[in-house]
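Now for the letters of each chain:
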Amino acid sequence: MTAAPEAHEPVASAGTEVPEPVEGTGSHARTSTPVPILQPGVGFVPGDHYLPATPATVMWGRLPCAADAPALEIGSGESVTFDTVSHEGILDDQGKDPLAFFAAHGVPADHVLDDAIEIAASVARDPFADGPHVVVGPVHVRGARPGDLLKITVETLTPRVPYGVISNRHGKGALVGELPRGEHNVSVFAAVAEREGVLHGTLPIVEGDDPIVAFPLAPFLGTMGVAVAADERPHSVPPGTHGGNIDINLLVAGTTLFLPVQVDGALAYVGDPHFAQGDGEVALTALEASLRATLRFEVIPADAARAAFGEVTGPLVRTPEHLVPTGMDPDLDAAMRACVRASLALIGGRWGMDEHLAYAYLSAATDFDISQVVDIVSGVHARIREADFAEIPSVEPVPLASAHEGGVA
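Rules used in this analysis
Residues numbered from 1 in each chain as written. Predicted model: local features only at pLDDT ≥ 70, side-chain atom pairs only at ≥ 80, totals over all residues. Heavy atoms only, no water. Helix = DSSP H or I, 4+ residues; strand = E, 2+ residues; numbered from the N terminus. Buried < 20%, exposed > 50% of the residue type's maximum accessible area, 1.4 Å probe, protein only. Areas by Shrake-Rupley, 256 points an atom, 1.4 Å probe, with all protein chains shown as cover. 1 Å grid on protein atoms, 1.4 Å probe; cavity = no way out; pocket = protein on both sides within 12 Å on 5 of 7 lines; lining within 4 Å. Points joined across faces, edges and corners; volume = space filled by probe spheres on them. Nonpolar A, V, L, I, M, F, W, Y, C, P; charged D, E, K, R; others polar. Pairing = 2+ DSSP bridges. Axes fitted to C-alpha atoms, helices over the stretch in contact; angles between N-to-C directions. Contact = heavy atoms within 4.5 Å. Parallel < 35°, antiparallel > 145°, perpendicular 65-115°, else oblique. Patch = residues over 30% accessible without salt bridge, like charges linked within 9 Å, V, L, I, M, F, W, Y side chains within 5 Å. Salt bridge = Lys/Arg side-chain N within 4 Å of Asp/Glu carboxyl O. pLDDT = per-residue confidence, 0-100. Phe/Tyr/Trp six-rings, centres within 6.5 Å; stacked < 30°, edge-to-face > 60°.

(A) Quick peek at the overall build of the protein chain. A tally of regular secondary structure across the protein chain gives five helices and 20 strands. Looking at the protein chain as a whole, 56% of its 409 residues are labelled buried. Taken as a whole, the protein chain presents about 16,500 Å² of accessible surface, with 55% of it coming from carbon and sulfur.

So, in structure tokens, the structure goes:
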């Protein structure tokens, strides 16, 4: 295992004045701490490797491309523990000073992440040209080649702090022109509390009151991706065939994401950590908050990938119950059509079902959910129950490290 670095000393903040609190700032943090504060290098690191979020290992607002050097190189089958950092609380419209921003919500200074402070103070970002997301990586996975699939298994997702932020800003969201009311942006602070042994996000009914509305946390990474085959870094907001900001809330611990590899080594990255998100993500952001994420990376050779799933041209999610193909397009109707086509291709490729019968099956048995409608490119994902096809032999996607083994299920 790669040794975890020692926690670095807090870096001086950027010194930018924090705007006055506005509508939607939410309630202050409680004094109790339902989760430990996971500063860089502190606490349990379960992965084979550890990749902290430092100015040398992150990009802010852009995604890796073919020209980028890896921050880490691993073998197929190895796991990496990432410290991810939420962009909420460090953005320019929030003062770019997380110590001051979170202090205004009652968060003690030692509960603000050192890496968030350092990134806000020292990592370059153009707020007019770049996205908001902090991404960690890229990770070179030996043996990955264009045409292969990169299998990313989400093993653990641990909150690093007991709070997060939900924002509606920049004239974006599902109700552009209606909300937020007025010219200002709205950032809602949400403290985490324990309810009957389960962590919940909390909100008040009326601004400034006690937080009595509680919803369970279901952490996931909004951004997981591979580098594009180009020499220019993509914007971090719109998702695509490379993955990126797909915002599919099914990707909790115990699930898997398959991505078509575009460059040698895949150059994988993660970011945009969430504590909870509803399908649609209508206000613009989810409950955005930093996570410690352990992911396992495996290379599925092209032939094995086609035998298991047919031709996969975009992100494919697998949960314990479902295969989840995706469709993406700036137009939501077009994204829906793309998802239906991907679903037909998957059912035909994996189980050999005639197209017209697969179309009938999807209409009768499959839910199509809106992943999000706020990231320039809208997303739709389908939930195909694998149990419905239990009587049909299928091939499992055998990773590169174990390609000599059999794969018939």
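(B) Layout of empty space enclosed by the protein. Enumeration according to the criterion identifies one cavity of 30 Å³ or more in this entry. Taken together, 15 residues form the lining of the largest cavity, with Ser86, Glu88, Phe102, Tyr163 and Ser290 sitting closest to its centre. The element that contributes the greatest number of residues to the lining of the largest cavity is strand β7 (residues 163–168), accounting for three residues. In terms of residue class, the lining of the largest cavity is made up of ten nonpolar, three polar and two charged.

(C) Expanded view of the sheet that holds strand β17 (residues 316–318). Pairing within the open sheet is mixed, and its nine strands lie in the order β1-β4-β16-β6-β13-β17-β18-β20-β19. The strands lining the two open edges of the sheet, one partner per strand, are β1 (49–51) and β19 (367–372). Between one strand and the next, the sheet's axes are offset by a mean angle of 25°, whatever the strand orientation. Helix α4 (residues 332–351) rests against β17, β18 (322–329), β19 and β20 (378–385) of the sheet, and its axis sits at about 145° to β18.

(D) View of the packing of helix α3 (residues 302–309) against α4. Contact pair α3 / α4: the axes reach a minimum separation of 5 Å and the direction vectors enclose 100°. Between α3 and α4, the interaxial angle falls into the category roughly perpendicular. Residues Ala307, Ala308 and Phe309 of α3 pack against Ala345, Leu346, Gly349 and Arg350 of α4.

(E) Expanded view of a nonpolar patch on the surface. There is a patch of nonpolar side chains on the surface, built from Ile205, Val206, Ile212 and Val213 and spanning about 390 Å² of accessible area. Inspection of the secondary structure puts Ile212 in strand β10 (residues 211–216). According to the relative accessible area criterion, Ile212 is exposed, its value standing at 64%.

(F) Region of interest: the environment of Ile248. Assignment of secondary structure puts Ile248 in the loop between β12 (243–245) and β13 (256–260). The buried category is assigned to Ile248, whose relative accessible area is 1%. Each C-alpha atom, one on Ile248 and one on Thr326, is 9.4 Å from the other, the two residues being 78 residues apart in sequence. The residues touching Ile248, leaving out its near neighbours within four places in the chain, are Phe220, Val317, Thr326, Ser371 and His381.

(G) Representation of the confidence of the model for the protein chain within the structure. Looking at the protein chain, pLDDT values average 91 and 90% of them are 70 or higher. Across residues 1–31 the pLDDT falls below 50, and counting only partners more than four positions away or on other chains, this stretch makes 78 contacts in the model. Scored below 50 in pLDDT, residues 402–409 shows eleven contacts in the model against residues more than four places distant or in partner chains.

(H) Quick peek at the packing of aromatic side chains. Overall, the coordinates contain eight aromatic pairs when judged by the stated rule. Ring centres of Phe82 and Phe297 lie 6.2 Å apart, and the angle between their planes is 70°; on these two criteria the pair is classed as edge-to-face. Placement of Phe82 in strand β4 (residues 79–83) and of Phe297 in strand β16 (residues 291–300) is noted, with a sequence separation of 215 residues between them. With relative accessibility at 0%, the residue Phe82 sits in the buried group. Assessed through its relative accessible area of 1%, Phe297 is described here as buried.

(I) Molecular detail of the pattern of salt bridges. Tallied over the full model, the rule gives 21 salt bridges. For Asp130, the salt bridge identified is with Arg62, shortest N-O distance 2.8 Å. Of this pair, Asp130 sits in the loop between α2 (114–122) and β5 (134–141) while Arg62 sits in the loop between β2 (58–60) and β3 (72–74), placing them 68 residues apart in sequence. A relative accessible area of 16% means that Asp130 is categorised as buried. As a salt-bridge pair, Arg350 and Glu386 come within 3.7 Å of each other at their nearest N and O atoms. Placement of the pair is Arg350 in helix α4 and Glu386 in the segment after β20, with a sequence separation of 36 residues. Take Arg350 and Glu386: they sit in the same class, and that class is buried. Here the residues in one salt-bridge network are Asp83, Asp115, Arg160 and Arg292, joined through shared partners.

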